[in-house]
Amino acid sequence: MTQSNVGKAVEPLEGLDGVVGDWSSDQRVFKEIPWGKAMMWIFLLSDTFIFGIFLLSYMTVRMSTTVPWPYPSEIFALEIGHQPIPLVLIAIMTFILISSSGTMAMAVRFGYQRDRVKTAILILITAAFGASFVGMQVFEWTKLIVEEGVRPWSNPFGAAQFGSTFFMITGFHGFHVSVGVIFLVIIARKVWRGEFDNQEPGFFTSRKGSYETVEIMGLYWHFVDLVWVFIFAFFYLW
Amino acid sequence: MAKAESHAEGQQHPIGIYLKIWALLFVLSAFSYLVDFYHVEGYLRWFLILLFMVLKAGLIISVFMHMMWERLSLIYTIFLPPLLVMVFVLLMTYEANYIFATREVFFPTGP
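Here the residue index of a chain counts from 1 through its sequence in written order. Here chains are named by letter from A upward and ligands by number from 1 upward, in the order in which they appear as written. Local features in this predicted model are restricted to residues whose pLDDT is 70 or higher, and side-chain atom pairs enter the listing and the counts only when it is 80 or higher, whereas totals over whole chains, interfaces and linings include all residues.

Chemist: Tell me what's going on with the overall build of chain A, and back it up with residues and numbers.
Modeler: Secondary structure assignment for chain A yields 7 helices and 2 strands. Radius of gyration (C-alpha) of chain A: 23 Å, far over the 18 Å computed for a compact globule of 238 residues. Overall, the C-alpha framework of chain A stretches about 85 × 40 × 30 Å when taken along its three principal axes. Working definition of burial: number of other C-beta atoms within 10 Å of the residue's own, with buried at 20 or more, exposed at 12 or fewer, and partly exposed in between, all C-beta atoms being placed from the backbone. Burial status across chain A gives 37% buried among its 238 residues. Any two residues are considered in contact once their C-beta atoms, placed from the backbone, lie within 7 Å. Long-range pairs, those at least 24 residues apart, make up 65% of the contacts in chain A between residues at least 6 apart in sequence. Counting from the N terminus, the helices are the DSSP runs of H or I reaching at least four residues and the strands are the DSSP runs of E reaching at least two. Atoms considered for the radius of gyration are the C-alpha atoms alone. The globule rule reads 2.2 Å times the number of residues to the power 0.38.

Chemist: Outline the packing of helix 1 (residues 15-23) of chain A against helix 3 (residues 72-106) of chain B, listing residues and values.
Modeler: Structural elements are reduced to axes, namely lines fitted to C-alpha atoms, with helices fitted over the stretch in contact, and the angle between N-to-C directions of any two is expressed from 0 to 180 degrees. Interhelical geometry of helix 1 of chain A versus helix 3 of chain B gives an angle of 80° and a closest axis separation of 8 Å. Compared by their axis directions, helix 1 of chain A and helix 3 of chain B come out roughly perpendicular. Here Gly15, Gly18, Val19, Asp22 and Trp23 of chain A of helix 1 of chain A come into contact with helix 3 of chain B, specifically with Leu72, Ser73 and Tyr76 of chain B. Side-chain classes follow a simple rule in which Ala, Val, Leu, Ile, Met, Phe, Trp, Tyr, Cys and Pro form the nonpolar group, Asp, Glu, Lys and Arg form the charged group, and the remainder, Gly included, forms the polar group. Its residues placed into classes, the contact of helix 1 of chain A with helix 3 of chain B shows 4 nonpolar, 3 polar and 1 charged. Small angles under 35 degrees read as roughly parallel and large ones over 145 as roughly antiparallel, with 65 to 115 read as roughly perpendicular and the rest as oblique.

Chemist: Which residues make up the interface of chain A and chain B, and what are the values?
Modeler: On the side of chain B, 50 residues touch chain A, which itself brings 50 residues to the contact. Put simply, the parts of the chain that give the side of chain A that touches chain B at least two residues each are helix 1, helix 2 (35-64), helix 4 (88-112) and helix 7 (212-237) of chain A. By residue class, the composition of the side of chain A that touches chain B is 30 nonpolar, 13 polar and 7 charged.

Chemist: Residues and numbers for the packing of helix 4 of chain A against helix 5 (residues 116-147) of chain A, please.
Modeler: Residue and element names in this part refer to chain A. Running from N to C, helix 4 and helix 5 point in directions that differ by 160°, and their axes come no closer than 8 Å. One element, helix 4, and the other, helix 5, form an angle in the roughly antiparallel class. Considering only the axes of helix 4 and helix 5, their crossing is left-handed. Class assignment of the residues belonging to the contact of helix 4 with helix 5 gives a composition of 15 nonpolar, 8 polar and 2 charged. What makes a crossing left-handed is the near helix being turned counterclockwise from the far one by less than a right angle; a clockwise turn instead makes it right-handed.

Chemist: An account of helix 1 (residues 15-37) of chain B is needed here, citing residue identities and associated values.
Modeler: Its 23 residues place the ends of helix 1 of chain B 33 Å apart at the C-alpha level, agreeing with the 33 Å of an ideal helix rising 1.5 Å per residue. Taken together, the buried positions of helix 1 of chain B are occupied by Tyr18, Ile21, Leu25, Ser32, Tyr33, Val35 and Asp36 of chain B. Looking at the buried side of helix 1 of chain B, the elements it contacts are helix 3 (72-75), helix 4 and helix 7 of chain A together with helix 2 (42-64) of chain B. Looking one or two residues past helix 1 of chain B, His39 of chain B carries a phi angle of roughly 50°, positive in sign. To estimate how far a helix should extend, the number of its residues minus one is multiplied by 1.5 Å.

Chemist: Would you mind going over the nonpolar core in detail, with residue names and values included?
Modeler: Here a nonpolar core is just a set of buried residues of the types Ala, Val, Leu, Ile, Met, Phe, Trp, Tyr and Cys, joined wherever their C-beta atoms sit within 7 Å. Ala107, Ile123, Leu184 and Phe232 of chain A are the most contacted members of the largest nonpolar core, which has 70 residues in total. Every element with two or more residues in this core is listed here: helix 2, helix 4, helix 5, helix 6 (161-192) and helix 7 of chain A together with helix 1 and helix 2 of chain B. Sequence-distant contacts of Leu184 of chain A, that is, excluding residues within four places in its chain, are made with Ile123, Thr126, Ala127, Gly130, Met217 and Trp221 of chain A.

Here it is, written out as structure tokens:
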């Protein structure tokens, strides 16, 4: 008898050969991961383009204006004990979002270990961090709009484009955070009720519930944190 | 105890690595805040901002989003397309400089 591979699972190749092999396999490209996770990555790729192009338009208007650009360090300063501390609220928001990413990563890990209670609590902590981030953003926007008189078409500090790009970029990011908080609460409820342990079908897709959903949710949440890293660098610090 | 193997079921890694990356992200954020706090200016400022930004982004993607444990085909699919934005950045740099120069010529006192 000669050896045959019929009926045996083919081991996927590694390295660059693996990339070519995966893409030309006449099967699903993204092996070893659930398709929901692959599709979340594709969605995040498209979101990368959206935020990339927002930041690109911000770069373009900032480079092309002949009016001096407002100095973000002073605009976003807060007075604490009669002394203005530059960017302090933004720094706190950054630390809060990073912390929420940390708790989310741990939630994913406890989810795969079937630790229902710890996973749900960690997701809820993540949601609470996210909600407080949005709250601080609301505070920041209110201060800028009501007290400083910043508008999308003008502001008292300098180039008018400052307002339009600021509201567009941070607004779109805040919207992402808000949507994320809502979905975190929904997922936490599912984990808490044991819907992933019992493989109960989801109301939207009717797929069997699984802790993969927690990791997919985590990918979205980490992406929100990731976008903030770029906004913090380019908008607030540059 | 669950297996620590990356594809046992989904992504399972020791909790310590998340805590370490978390701490590292805090430190890097503090550094980038200090760049502004101490008014570092010019090319050094831009270099430091970009350096801390890239390090933070890399840590979040590779560890928190588990990208370093994924197959290469997923990594390439996600990382290569955004590089095209760099071409767009280059184009818009020329465009922005052109608009700036035109405004300087036609609105010498500012708009």
